[in-house]
Structures are given as structure tokens and as C-alpha cells.
Amino acid sequence: YKSHRLTARLTRRLRNHDYVSISRFLGEQWANLIGDYTVIHNGIELADWPFSAVTERKTAVWCGRFTPEKGAEFAIAAARAAGYRLTLAGPVYDQQYFDEKVVPLLDEKITYVGHLSQAELAALVGKSAVGLVTSVWDEPFGLAYVEMLACGTPVAGFRSGAAAEIVTKEVGVLVEKYDVQALARVLGEVEGSRDREACRRRAEREFPVANMVDTYVKLYGMT
């Protein structure tokens, strides 16, 4: 971290050097060191995350690495409290965490389906009524939000890092970190009142990979 701070101070003086942040949230963390910066959000290949208008009622999906900072246990608790079936998917990065915090909570309504292929994950997200994102660290961006929206799946999650730059009130609800009761309360609201086509449109408008690449190219051309 100290070396990054030193590099920031040195390169800030170069006229042909521009800083890019993948979110306003992250840029604000470094603004006192880097000065002005350009925000270029990450993008995804939308064709890899096809829209689905048909879902299974009262179902939720959580996907990501199984590590403490991703907070899968909070998604489980919220889904159970709200009476939702929850499917979890992703690689186990921290076996002890997984064995102690996740495995004991699995049952016929809370299931783990493993580390899926991209196509399998997209199909799972698309048929789910709500996407849960429960990171308890401040995500610099968070591709899971965008991938869910691209499939038409509205998001209920913790207000973490850059989440609010992606999940607007039209496509989901964010609550304070660790507030499982609040998260459970909004699951039904998110499923019942968010338009899946609006979720897809937000992903198409703001987060296609082509937009990201074009913006970088334009920035390089000005440097």
C-alpha cells in the first residue's frame, strides 16, 4: 500500500498521465493522492448473460467466492427469514469458512450447486426472481450486480462500496451491511415491484463491454 501511495504522488506530476477509477467510490478513496481522475465502469459481454422474463417465484440466487468478506451466511439468513428458496454458486476459496458458516445452513431450501460454468450460472441467475449480493467489504465495483441485472434479475443487497452506482431504486434495493432483517423485508418488494426489462435496459445502457473499451480508447487518444 505504501508503494502505491508513493507511485500515485510521483505519477500525478506527469502531464501525459491520467488516472482511471472503475467507480466513483474507489476514486474518492484515492482522490487526495491522485487528484483528478476519470471514472470508467467495468463492462460485461451482454450476450453471455441473456435476458429471462420467466422466473420461479420466491427464489433467490447468490453467486461469488466463498470467503468471509462475501457474506454468504447473511444471504442465507435473509432468504430463510423471508421464506425464499436460495441457490448458492461459486468457488470455495476458504474451506474453513465454508465448512463452518455455510454447510451447516444447507437444507432442501438452501442449496449449494458448486462452481458452475458461465453459461450454467447465467441460466441459474436468469430463472431466479431476486439476486442477493451480501458483500461486507467495500466492493470497488462488483460485476455480480451487473450480471444479475443483465439477466433481468433485480437485486437486493448490502450497501457496499460502489453498489449504489450500479443498483438504482428502479432495479433493486440496498440496505445497510449486516442488516439481515432489512434484507429479508425487501426481498418480496424487489421481486414484486421491479421490472425485469428495466433491469436489462440498465445493463445495456450503462455496462456493455463495448462502451467500456470505447471510453478507454478515447482516453488513450487524448493522453
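The shown structure was predicted, so the numbers you read here are calculated from the model rather than taken from an experiment.

Re the state of the cysteines
Per the stated rule, a full pass over the model turns up zero disulfides. Here C151 stays free of any disulfide, with the sulfur of C63 as its closest cysteine sulfur at 9.0 Å. Take C199: it sits in no disulfide, and the sulfur closest to it among the cysteines is that of C151, at 10 Å.

Topic: the packing of helix α3 (residues 72-82) against helix α8 (residues 180-193)
Relative orientation of the contacting elements α3 and α8 amounts to 50 degrees, with a least axis distance of 8 Å. Taken together, the axes of α3 and α8 lie oblique to each other. By crossing handedness, the relation of α3 to α8 is classed as right-handed. Across the interface between the two elements, F74, A77, A78, A79, A81 and A82 from α3 touch V180, L183, A184 and L187 from α8. Looking at side-chain class alone, the contact of α3 with α8 contains 10 nonpolar, no polar and no charged residues.

Some points on the nonpolar core
The biggest cluster of nonpolar side chains holds 32 residues, and the ones touching the most others in it are W62, F66, L86, L88, L132, A156 and L183. If you list the elements that add at least two residues to this core, you get β3 (56-63), α3, β4 (85-89), α4 (95-102), β6 (128-133), β7 (155-158), β8 (172-175) and α8. Listed in part, the 27 residues of the second largest apolar core include I44, W49, A150 and V167.

As for the packing of aromatic side chains
Going through the model one piece at a time under the given rule, you end up with eight aromatic pairs. Seen in terms of ring centroids, Y216 and Y220 are 6.1 Å apart; in terms of plane orientation they differ by 35 degrees. Their pairing is tilted. With Y216 and Y220 both in helix α10 (residues 209-222), this residue pair falls four residues apart, about one helical turn. Overall, the relative accessible area of 21% leaves Y216 in the partly exposed class. Three or more aromatic residues link up through ring pairs in this structure, and these residues are W62, F66, F98 and Y112. Directly above the ring of Y93 sits R65, whose terminal nitrogen or CZ lies 5.4 Å from the centroid.

Thresholds, definitions, all that
Residues numbered from 1 in each chain as written. Predicted model: local features only at pLDDT ≥ 70, side-chain atom pairs only at ≥ 80, totals over all residues. Heavy atoms only, no water. Disulfide = S-S within 2.5 Å. Axes fitted to C-alpha atoms, helices over the stretch in contact; angles between N-to-C directions. Helix = DSSP H or I, 4+ residues; strand = E, 2+ residues; numbered from the N terminus. Parallel < 35°, antiparallel > 145°, perpendicular 65-115°, else oblique. Left-handed = near helix turned anticlockwise from the far one by under 90°. Contact = heavy atoms within 4.5 Å. Nonpolar A, V, L, I, M, F, W, Y, C, P; charged D, E, K, R; others polar. Core = buried A, V, L, I, M, F, W, Y, C linked by side-chain atoms within 4.5 Å. Buried < 20%, exposed > 50% of the residue type's maximum accessible area, 1.4 Å probe, protein only. Phe/Tyr/Trp six-rings, centres within 6.5 Å; stacked < 30°, edge-to-face > 60°. Lys NZ or Arg CZ within 6 Å of the ring centre and 35° of its normal.

Worth remembering: the numbers are spatial, not functional.
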